[in-house]
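# Chain and residue survey
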Amino acid sequence: MIDPAPYKTIAVASTFSPRFKQVLSEAKRIRDRFSSDLRVIYVGERNEETTKKFSDVFAQLHLPSNSIIHYQQGEPAEAILRVIADNNIHMIVAGALEKEVVLHPFLGNVARRLVREATCSVMLFTRPEIKPKSLRRIVFVADYSEHGLQALKTTLPLALAESCERLYVIRIITTFDQARASRRADAGNGNKPKSDEDEEAALEKFVLSAGATEVPIETRCIRGNTGLAASDFVQSIEADLLVVPVEANDDSSGQLPNNIAWITDVIPCNLWVIR
């Protein structure tokens, strides 16, 4: 159990899909880690059939029979986002519903909208299981903001609870980032682009500022033409969870920073967006 718990209320977005029970089981594991209240969001009608289905699966997964279920009608993404906004949900857990296209798993429409528009944190599972596997390798995308630092502090206890073998804290540096820094420096509006040594030192300093931890941490600066280089890295180390801090977005425009915008399409492993 993580204390103090950053998420008081976790909800799982559910349909009675073939993987519903697996997603709910993963959500239960996350509930246990954060000592949270677990609820269910169901897009559809409340009737005798759905009530019995939930009762059966709660019993199978040893969840309280009186667990709160939010029934909401409408288009799935809109309905889930509405329940999140109206009920002070701190994290939404869902299946990624990915499709394999040229060896890259792509997010489903509902998952994509949750990543872009949810006002709370989002955790997506690409291959949920009834008996969840330990999150052995975790990748955290550093952005040096205060929110990014708090997100790392939230990630460390989960990594420890999962007996994480290695937490990779990475900094994504794209060709566009480097070109923009050079233009600012030339215009006198910023410092010259950092050297490789400076970037690595800044990343180490960021990790140390999160405080002492028993979690094995490795820092990496990931360079590439686009942020997708980070996706390639995540796949190359066979990561179990990608953690991305994103500032809460009040206008629901769903705009993500350029170097991580790719996560709304391609999801290389389980994803945790921390807002």
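From a predicted model like this one, the values you see are computed outputs, not experimental measurements.

Helix and strand content of the chain: eight helices and 12 strands. Across the 275 residues in the chain, those meeting the buried criterion constitute 48%. A separation of at least 24 residues holds for 81% of the contacts in the chain among residues at least 6 apart in sequence. When the accessible surface of the chain is totalled, it reaches about 13600 Å², and 48% of it is carbon and sulfur.

Among the secondary structure elements, Lys-28 is positioned in helix H1 (residues 20-34). Despite its burial, Lys-28 pairs with no opposite charge, the nearest such side chain being Asp-32 at 5.2 Å. Non-local contacts of Lys-28, meaning those with residues more than four positions away in its chain, are made with Leu-38, Leu-61, His-62 and Leu-63.

Sheet architecture is open: 10 strands sit in the order S3-S2-S1-S4-S7-S12-S11-S8-S9-S10, paired in mixed fashion. At either margin of the open sheet sits one strand with a lone partner, and together these are strand S3 (69-72) and strand S10 (217-224). Strand-to-strand, the axes of this sheet are offset by a mean angle of 20 degrees, without reference to chain direction. Bridge count between strand S8 (residues 137-141) and strand S9 (residues 166-174): five bridges; the pairing is parallel. By the bridge assignment for S9, Ile-138 is matched with Leu-167. Docked against the sheet, helix H3 (residues 76-86) engages strand S1 (9-14), strand S2 (37-43), S3 and strand S4 (91-95), running at close to 145 degrees with respect to S2.

Glancing now at helix H2 (residues 48-60). Here H2 contains 13 residues, and its C-alpha end-to-end distance of 18 Å stays within 8% of the 18 Å for a straight helix at 1.5 Å per residue. The complete set of buried residues in H2 reads Thr-50, Phe-54, Val-57 and Phe-58. When H2 is viewed along its axis, its buried side chains cluster within an angular range of 105 degrees and face the same direction. Facing away from the buried side of H2 by over 90 degrees, the exposed positions are Glu-48, Glu-49, Lys-52 and Ala-59. Where H2 is buried, its residues meet S1, H1, S2 and S3. Measuring from the side-chain oxygen of the N-cap residue of H2 to the backbone nitrogen of Glu-49 gives 3.1 Å; that N-cap residue is Asn-47. One or two steps after H2, the chain reaches His-62, where phi turns positive at roughly 60 degrees.

With that settled, consider the confidence of the model for the chain. The pLDDT averaged across the chain works out to 85; a share of 85% of its residues lies at or above 70. Of all the helices and strands in the chain, strand S5 (residues 99-101) carries the lowest mean pLDDT, 49, while S8 carries the highest, 96.

Time to look at H1. Three- or four-residue spacings in an α-helix give side chains the same orientation, since the helix completes a turn every 3.6 residues. In this model H1 runs 21 Å from its N-terminal to its C-terminal C-alpha over 15 residues, within 8% of the 21 Å that 1.5 Å per residue would give. When we look at burial in H1, the residues that qualify are Phe-20, Val-23, Leu-24, Ser-25, Glu-26, Ala-27, Lys-28, Arg-29, Ile-30, Arg-31 and Phe-34. In the segment just after H1, Ser-35 is the residue with positive phi, at about 50 degrees.

Quick notes on the rules
Residues numbered from 1 in each chain as written. Predicted model: local features only at pLDDT ≥ 70, side-chain atom pairs only at ≥ 80, totals over all residues. Heavy atoms only, no water. Helix = DSSP H or I, 4+ residues; strand = E, 2+ residues; numbered from the N terminus. Buried < 20%, exposed > 50% of the residue type's maximum accessible area, 1.4 Å probe, protein only. Contact = heavy atoms within 4.5 Å. Areas by Shrake-Rupley, 256 points an atom, 1.4 Å probe, with all protein chains shown as cover. Lys, Arg positive; Asp, Glu negative; His and termini not counted. Salt bridge = Lys/Arg side-chain N within 4 Å of Asp/Glu carboxyl O. Pairing = 2+ DSSP bridges. Axes fitted to C-alpha atoms, helices over the stretch in contact; angles between N-to-C directions. Expected span 1.5 Å × (residues − 1). Arc of directions from axis to C-beta. Polar contact = N/O pair within 3.5 Å; in protein donor to acceptor, adjacent residues only side chain to side chain. pLDDT = per-residue confidence, 0-100.

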